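The primary structure of each chain is shown beneath.
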Amino acid sequence: MSITRETVEQAARLARLTVADADKDRLAGELSAILGFVEQLNAIDTSDVEPLTSVVGATARMRKDAVTAGDEPERILANAPDRVTDFYAVPKVVE
Amino acid sequence: MTDLNRLTIAAASAGLAKGEFSARELTQSCVDAMDALSDLGAFITPTPDLALEAADQADAKRKGGEDVPLLGIPLGIKDLFCTEGVQTTAASKILQGFVPTYESSVTTNLLRDGAVFLGKLNLDEFAMGSSNTTSYYGNVVNPWQSASKPDMQLVPGGSSGGSASAVAARLCLGATGTDTGGSIRQPAAFCGITGLKPTYGRCSRWGIVAFASSLDQAGPMARSVEDCAILLGSMAGFDAKDTTAVDTPVPDYTAELSAGVKGLKIGLPREYRVDGMPAEIEQLWQQSAQWLRDQGAEVVEISLPHTHSALPAYYIVAPAEASSNLARYDGVRYGFRADAPDGLPEFSSLEDMYATTRGEGFGAEVQRRIMIGAYVLSAGYYDAYYNKARRVRSLIARDFTEAFEQVDAILTPTTPSAAFGITEEPSGVEMYMNDVFTVPASMAGIPGISLPAGLSSDGLPLGVQLLGRPFDEVGLLRVAQSLEDAAGFTATPQLMA
């Protein structure tokens, strides 16, 4: 599968990445190479195989649906790039 | 006493217990070693003052009669484990300055057992890489040098390249690593040390910066099989905070180290012979098989038919999970936030702020992988790529299940080459081939260990890998100990403190 500039732009949008125009052709080539490499999987018959969801065959553990932590705004906000009182702050944007 | 930093964990523990030296003296020797070889770039954040303080506390505890398995043992911690109060970067610009307010479960376990942390070790950005050249904080250098080009700097492998380099250069007695597709075993092989990827679920992933959650597993890196066994005993264990941590008792991993391999059956998978693999790697593999045979094991050829599908399936599953895991880095809650572009006073939208932050905060390899991940998970491609890869993964796991009905352990080379030069690094898919022998076990979730078994004709260490049954690390370590004894690997790197 060959990836076009448009597909690069779409993947970048989905991944929330700003990609410079100058990098798009390079990325198209690199992503094409990776997708070309993984395409060999199509030769494998998996019609009677279920997708593997857990390597340890574990089932989800249940726990009581109760509050176990909280009321720690200082610990939670300690690394915030910006905050206003006990809230994360984001830059003002023009919508 | 000199060269305390060169001791194994087992020997250092014995020396500490007998009072031959203090934890402070032992830690000081590692701090001096870190200073002397700081050019290796093994540490992103060294914490010598915290280490010496912790060593004093360990000495005080010992005086008070306390005895825990790692009391006073200086370790390096891969900078993917969150450490309370110490910057944790995942080698990414996007986490520069991030100081966790909590401690990962694995490092909590190590601290409970008395370990002294020397600092945070370099790695590939978000553990994505096989050469430790994608770190925002600089390359890590392999302390080994080749005979033919002694001036050429070699890669330590990756992603746990700082861990491998630091252990090999004797900057620390052991280190934590994480392994998603070979990130413990491949750098261990390149640096001539021993690294163990436990069964998926054996060590808690809580507090480890996530890459691919169905594959990530923490494990020990050290200079002997026994030291790996000791470290795993502390690192492993159930954790209610990780839903995939398995609730089975942690055995004494050193219990059967001297049991030998007599009567055990070892499999050599024929699919692990790949085109272009140097003859000396094939020879070392066969030599390792012979060593096990000489000690009474039966060696048989086996087949793991889907071996060569593991790498392409991995390069769908891992980026898909990475794209999801790395969605959290948006410049709002922690880490780096970009300024509005081109001197503009404001972003045009909140999404513009996210995308600019991520575009500037993530390096090229991470961006490639999360774009691939977003693409293979997108509408119309999910079944063709992601579900296809997960179906192939079932086949890979089935290969191993069937193999372990015939054999007790599987022996393979760890890597298809020795360490390469930082400047001669292969690109793209060729780089991914480094992990061709390590990825299958990751996809199946089974434990694997790499240990040094010999030197290449150019004087560089070569590793062999043993794979075992799920949660049978005891049995795996037993075979590994036999192989270590037979190989008698005593070579040391040219750069060593």
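Conventions we followed
Residues numbered from 1 in each chain as written. Chains lettered and ligands numbered in written order. Predicted model: local features only at pLDDT ≥ 70, side-chain atom pairs only at ≥ 80, totals over all residues. Heavy atoms only, no water. Helix = DSSP H or I, 4+ residues; strand = E, 2+ residues; numbered from the N terminus. Rg over C-alpha atoms; globule rule 2.2 N^0.38 Å. Contact = heavy atoms within 4.5 Å. Salt bridge = Lys/Arg side-chain N within 4 Å of Asp/Glu carboxyl O. Polar contact = N/O pair within 3.5 Å; in protein donor to acceptor, adjacent residues only side chain to side chain. Nonpolar A, V, L, I, M, F, W, Y, C, P; charged D, E, K, R; others polar. Buried < 20%, exposed > 50% of the residue type's maximum accessible area, 1.4 Å probe, protein only. Pairing = 2+ DSSP bridges. Axes fitted to C-alpha atoms, helices over the stretch in contact; angles between N-to-C directions. Parallel < 35°, antiparallel > 145°, perpendicular 65-115°, else oblique. Core = buried A, V, L, I, M, F, W, Y, C linked by side-chain atoms within 4.5 Å. Phe/Tyr/Trp six-rings, centres within 6.5 Å; stacked < 30°, edge-to-face > 60°.

Counting its regular elements, chain A contains 3 helices and 2 strands. When the elements of chain A are put in sequence order from the N terminus, they spell out α-α-α-β-β. A compact globule built from 95 residues would reach a C-alpha radius of gyration of about 12 Å, whereas chain A, at 22 Å, exceeds it by more than 25%. Taking the principal axes of the C-alpha coordinates as reference, chain A spans close to 55 × 45 × 20 Å.

The interface is formed by 69 residues belonging to chain B together with 50 residues belonging to chain A. Our count for the contact surface shared by chain B and chain A stands at 2 salt bridges. Note that Glu30 of chain A is salt-bridged to Arg368 of chain B, the shortest N-O span being 2.8 Å. The interface formed by chain B and chain A includes 17 residue pairs in polar contact (both at pLDDT 80 or more). At the level of secondary structure, the elements contributing two or more residues to the side of chain B that touches chain A comprise α9 (307-325), α10 (350-361), α11 (364-376), α12 (382-406), α13 (428-432) and α14 (439-444) of chain B. A per-element tally of the side of chain B that touches chain A places α12 of chain B first, with 12 residues. Taken together, the residues of the side of chain B that touches chain A sort by class into 39 nonpolar, 17 polar and 13 charged.

All names here are of chain B. Relative to the elements of secondary structure, Leu110 occurs in helix α4 (residues 105-112). Take Leu110: its relative accessible area is 0%, and that puts it in the buried class. Between the C-alpha atoms of Leu110 and Lys63, which are 47 residues apart in sequence, the distance is 20 Å. With residues near it in sequence (within four places) discarded, Leu110 still touches Leu70, Leu75, Ile77, Ala115, Phe117, Thr176, Leu231, Ser234 and Met235.

In a beta sheet, neighbouring strands are held together by backbone hydrogen bonds and run either parallel or antiparallel to one another. Residue and element names in this part refer to chain B. Spatial ordering of the open sheet is given by β1-β3-β2-β4-β6-β5-β10-β11-β9-β7-β8, a layout of 11 strands whose pairing is mixed. What marks the edges here is a single partner per strand, and that holds for β1 (43-46) and β8 (298-302). With direction set aside, neighbouring strand axes in the sheet form an average angle of 30 degrees. Direction of pairing for strand β5 (residues 194-197) relative to strand β10 (residues 448-455): antiparallel, over a ladder of 3 bridges. Along β10, the bridge assignment pairs Leu196 with Ile449. Across the face of the sheet, helix α2 (residues 23-36) comes into contact with β1, β2 (74-78) and β3 (116-121) while running at roughly 20 degrees to β3. Packing against the sheet, helix α3 (residues 48-63) makes contact with β1 and β3, and its axis sits at approximately 160 degrees to β3.

All names here are of chain B. With an omega of 10 degrees, the peptide bond between Gly158 and Ser159 qualifies as cis. Relative to the elements of secondary structure, Ser159 occurs in the loop between β3 and α5 (161-168). One non-glycine residue, Ala91, lies in positive phi territory at about 60 degrees. Relative to the helices and strands, Ala91 is located in the loop between β2 and α4. For Phe471, which is not a glycine, the phi torsion comes out positive at approximately 65 degrees. If you trace the backbone, Phe471 turns up in the loop between β11 (461-467) and α15 (473-487).

Okay, the side chain of Asn434 of chain B next. On the secondary structure map, Asn434 of chain B appears in the loop between α13 and α14. Residues contacting Asn434 of chain B, with those up to four places away along its chain left out, are Ser130, Gln186, Phe190, Thr415, Pro416, Ser417 and Phe420 of chain B.

All names here are of chain B. Within helix α7 (residues 225-235), 9 of the 11 residues are buried, leaving the element largely enclosed by the surrounding structure. Among the residues making up α7, those that are buried are Val225, Asp227, Cys228, Ala229, Ile230, Leu231, Leu232, Ser234 and Met235. Just downstream of α7 lies Gly237, where phi reads positive at about 145 degrees.

The next point concerns the packing of α9 of chain B against α11 of chain B. Residues and elements named next belong to chain B. Two numbers describe how α9 lies on α11: the axes approach to 7 Å, and their chain directions differ by 100 degrees. Comparing the axis directions of α9 and α11 gives the class roughly perpendicular. In this structure, α9 uses Tyr315, Ile316, Pro319, Ala320, Ala322 and Ser323 to contact α11, whose residues at the interface are Arg369, Ile370, Ile372, Gly373, Ala374 and Val376.

Among the nonpolar cores identified, the biggest contains 185 residues, and Leu110, Phe126, Leu171, Met371, Phe400 and Leu411 of chain B are the most heavily contacted of them. In this structure Leu171 of chain B touches Cys30, Ala33, Met34, Leu37, Leu40, Ala42, Phe43, Leu118, Ala166 and Ala497 of chain B, once residues within four positions along its chain are discounted.

All names here are of chain B. With 4 of 5 residues buried, strand β7 (residues 265-269) is to be regarded as a mostly interior element. Relative to β8, β7 is paired through 5 bridges, and the arrangement is parallel. Its bridge partner lying in β8, Ile266 is registered against Val299. Note: β7 against strand β9 (residues 409-413), 2 bridges, orientation parallel.

Residue and element names in this part refer to chain B. On inspection of all chains with the given rule, the structure shows 16 aromatic pairs over all chains. Ring geometry for Phe98 versus Tyr334: centroids 5.5 Å apart, planes at 55 degrees, classification tilted. Taken as a pair, Phe98 in the loop between β2 and α4 and Tyr334 in the loop between α9 and α10 lie far apart in primary sequence, 236 residues in all. Overall, Phe98 belongs to the buried group, its relative accessible area being 7%. Considering the side-chain rings of Phe126 and Phe362, the 5.8 Å spacing of their centres and the 70 degrees angle between planes classify their relative orientation as edge-to-face. Of this pair, Phe126 sits in the loop between β3 and α5 while Phe362 sits in the loop between α10 and α11, and the two are 236 residues apart along the sequence. There is no split in this pair, since Phe126 and Phe362 are both buried. Three or more aromatic residues link up through ring pairs in this structure, and these residues are Phe98, Phe126, Tyr329, Tyr334 and Phe362.

Moving on, we get to the pairing of strand β6 (residues 217-222) of chain B. Residue and element names in this part refer to chain B. Within β6, 6 of the 6 residues are buried, which leaves it mostly tucked inside the rest of the structure. Of the two faces of β6, the one holding Gln217, Gly219 and Met221 and the one holding Ala218, Pro220 and Ala222 are both buried throughout. Two strands pair when backbone bridges link them, and strand β4 (residues 174-179) and β6 are joined in this way by 6 bridges, in the antiparallel orientation. The partner of Thr176 across the bridge, within β6, is Pro220. Looking at chain direction, β5 and β6 are connected through 2 bridges and run antiparallel. Paired with Gly195 across the bridge in β6 is Met221.

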